[in-house]
Amino acid sequence: MANMQQSFEAGQTKGSVQEKASQFTENVQDKAASARDTTADNAQHVKEDPSGFLQQTGEQVKSMAQGAVDGVKNTLGMNEASNNEASKK
């Protein structure tokens, strides 16, 4: 009798594990499909208007380079804005 109960519980556990695995697999597939769609949409926008993408990238690079130049000027004491503020004080 105990053997039958163990067999029954093992069957229930197996069914529960299979259901959870199925739900997990479905969830992963949904997320993969969503990621694929998002990537495809982004690629399509870049393909349709590469100039906007390149312009944005160029502006970011320019801003980073200007920040680096300002940092070096500040370090060397050559930044005009810093010199003007210092002379006003």
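Look up: the structure comes first, before these words.
Residues numbered from 1 in each chain as written. Predicted model: local features only at pLDDT ≥ 70, side-chain atom pairs only at ≥ 80, totals over all residues. Heavy atoms only, no water.

Observations regarding the overall build of the protein
Which entries qualify depends on this criterion: For the purposes of this entry, the term helix denotes a DSSP run of H or I that reaches at least four residues, the term strand denotes a run of E that reaches at least two, and both are numbered from the N terminus. The cut-offs for exposure are 20% and 50% of the maximum accessible area for each residue type, with area from a 1.4 Å probe on protein chains only; residues under the lower value are buried, those over the upper are exposed, and the others partly exposed. Accessible surface is estimated by sampling points in the Shrake-Rupley manner with a 1.4 Å probe; for residues, cover comes only from the protein chains shown.
The helix and strand tally for the protein stands at three helices and zero strands. For the protein, the N- to C-terminal ordering of α and β elements is α-α-α. The buried share of the protein, reckoned over its 89 residues, is 1%. Counting every atom, the protein has about 8000 Å² of accessible surface; 56% of that belongs to carbon and sulfur.

Looking at a nonpolar patch on the surface
Note the cut-off: Exposure above 30% relative accessible area and no salt bridge define the residues that can form patches, which grow by joining like charges within 9 Å and nonpolar side chains of Val, Leu, Ile, Met, Phe, Trp and Tyr within 5 Å. In what follows, salt bridge is the name for a side-chain nitrogen of Lys or Arg lying within 4 Å of a carboxyl oxygen of Asp or Glu.
A cluster of nonpolar residues, V72, L76 and M78, forms a patch on the protein surface that exposes about 310 Å² of accessible area. Relative to the helices and strands, V72 is located in helix 2 (residues 50-76). For V72, a relative accessible area of 47% translates into the label partly exposed.

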